[in-house]
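Structural description and commentary
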Amino acid sequence: MPAHDPIIHISGVKKIYDLGKSKVHALDGVDLRIYPNDYVAIMGPSGSGKSTLMNMLGCLDTPSEGQYSFGGEDVATMSDNDLADIRNRRIGFVFQSFNLLARATVLRNVELPLIYAGLPSAQREKQALEALNKVGLGNRIDHRPNELSGGQRQRVAVARALVTNPSIILADEPTGNLDSKTGAEIMALFDDLYAHGHTIILVTHEEDIAQHARRLIRLRDGLVESDTTIEHA
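Here is a short report on the structure shown in this document. In this text, all values refer to a predicted model and were calculated from it rather than measured experimentally. Sequence order as written defines residue numbering, which begins from 1 separately in each chain. In view of the model being predicted, local features appear only for residues whose pLDDT reaches at least 70, and side-chain atom pairs are presented and counted only at 80 or more, with totals across whole chains, interfaces and linings using the full set of residues. Water and hydrogen atoms play no part in the side-chain values, which are based on all heavy atoms of the structure.

Observations concerning the overall build of the chain
Runs of E in the DSSP output that reach at least two residues are strands. Runs of H or I that reach at least four are helices, and both are numbered from the N terminus. The secondary structure content of the chain amounts to seven helices and ten strands. Reported as C-alpha extents along the three principal axes, the dimensions of the chain are approximately 50 × 45 × 40 Å. Counting every position in the chain, which comprises 233 residues, the buried fraction comes to 47%. Counted over contacts in the chain with a minimum sequence separation of 6, partners at least 24 positions apart contribute 69%. Accessible area for the chain stands at about 11,400 Å²; split by element, carbon and sulfur atoms hold 45% of it. Lys and Arg are tallied as positive, Asp and Glu as negative. Neither His nor the chain termini are counted. Think of each charge as sitting on NZ of Lys, CZ of Arg, CG of Asp or CD of Glu. Seen as two clouds, the 24 positive and the 30 negative side-chain charges of the chain have centres 5 Å apart. Buried, partly exposed and exposed residues are distinguished by accessible area as a fraction of the type maximum, computed with a 1.4 Å probe on protein chains only: under 20%, between the cut-offs, and over 50%, respectively. Any pair of residues with heavy atoms lying within 4.5 Å of one another is described as a contacting pair. With residues, only the protein chains shown are counted as cover, and all accessible areas are computed by Shrake-Rupley using a 1.4 Å probe.

Considering the sheet that holds strand β1 (residues 8–19)
Two pairing modes exist for strands in a sheet, parallel and antiparallel, and in both the strands are linked by backbone hydrogen bonds. Sheet architecture is open: four strands sit in the order β2-β1-β4-β5, paired in antiparallel fashion. Edge positions in the sheet fall to β2 (22–34) and β5 (73–74), since each of these pairs with one other strand and no more. Examined bridge by bridge, strand β4 (residues 65–70) and β5 share two bridges and lie antiparallel to one another. From the neighbouring strand, Ser 69 faces β5, where its bridge partner is Asp 74. Only strands joined by at least two bridges in the DSSP assignment are considered to pair.

Some remarks on a nonpolar patch on the surface
Together, Tyr 17, Leu 19 and Val 24 make up a nonpolar patch on the protein surface, roughly 250 Å² of accessible area in all. Tracing the chain through its elements places Val 24 in strand β2. Here Val 24 falls in the partly exposed class, since its relative accessible area comes to 35%. Two distance rules govern patches: like charges are joined within 9 Å, and nonpolar side chains (Val, Leu, Ile, Met, Phe, Trp, Tyr) within 5 Å, applied only to residues with over 30% relative accessible area and no salt bridge. Salt bridge, as applied in this entry: a Lys or Arg side-chain nitrogen positioned within 4 Å of an Asp or Glu carboxyl oxygen.

Some words on the pattern of salt bridges
Scanning the entire structure with this criterion turns up eleven salt bridges. Arg 90 serves as the salt-bridge partner of Glu 73, at 3.6 Å between the closest nitrogen and oxygen. Of the two residues, Glu 73 is situated in strand β5 and Arg 90 in helix α2 (residues 80–90); the sequence distance between them amounts to 17 residues. Put simply, Glu 111 and Arg 108 hold a salt bridge, and the shortest N to O gap is 3.4 Å. You can see Glu 111 and its partner Arg 108 sitting in helix α3 (residues 106–116), three residues apart, about one turn around the helix. The partly exposed category is assigned to Arg 108, whose relative accessible area is 41%. Each of the salt bridges in this network shares a partner with another, and the network as a whole consists of Asp 38, Arg 215 and Asp 227.

Focus: the packing of α3 against helix α4 (residues 121–134)
Where α3 meets α4, the closest approach of the two axes is 9 Å, and the angle between their N-to-C directions is 120 degrees. Put simply, α3 runs oblique to α4. Read as a crossing pair, α3 and α4 show a hand that is right-handed. Within the contact between the two elements, α3 uses Val 106, Leu 107, Val 110, Glu 111, Leu 114 and Ile 115 and α4 uses Arg 124, Glu 125, Gln 127, Ala 128, Leu 129, Ala 131 and Leu 132. Classifying every residue of the contact of α3 with α4 gives nine nonpolar, one polar and three charged. Axis geometry follows a simple rule: fit a line to the C-alpha atoms, using only the stretch in contact for helices, then measure angles between N-to-C directions, giving values from 0 to 180 degrees. The scheme is simple: roughly parallel for angles under 35 degrees, roughly antiparallel for over 145, roughly perpendicular for 65 to 115, oblique for anything else. We call a crossing left-handed when the near helix sits turned anticlockwise from the far one by less than a right angle, and right-handed when that turn is clockwise. Amino acids outside the nonpolar list (Ala, Val, Leu, Ile, Met, Phe, Trp, Tyr, Cys, Pro) and the charged list (Asp, Glu, Lys, Arg) are all regarded as polar, and Gly is one of them.

This is the structure in structure tokens:
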């Protein structure tokens, strides 16, 4: 058992969607702990609940039943502003489709969470440059997304996720729009971030991508089917 307290502790979480005459149990009693410097892959077939769980972990949705604590605080008791603060400062999101602003430079895209956080311009630029250097794009700060390859765009998205120094990085199918060679480069980047102490949660449907993680959680029918350790040489 890890010595640290979990960053995320989910206990008996259910998510029920009321669709008129029927109810869909997207999550049906999930228990889960994520610890500092965990590297977790979440897998499951379509309809298993992994997207719902992803939204729950990212504080984009709240449980119908059960408890979710983030950093020791009960998410259910948080105000909308508290939840927005967690999403902006403490969770770094990386999406399959990059979600970059087309007309903004690379630097401005990475600065965006810091603009929302109200940091002064000089501090924003300093932190954004540091994040871009971490992902190997310090020489592309004045480019726009359409001037970059898919892999470079995803690196910008990773830099944006890192810029607030979040508690966890939440990556949803981060290689889904990339060819296999570029996907491997992005996964090497995640491996390096993990080696430097970052906590990573990865949602994927690809076994070879999941094998980069250190824990593999499989969902089925809204429940955790298995939670296994992945050994690396």
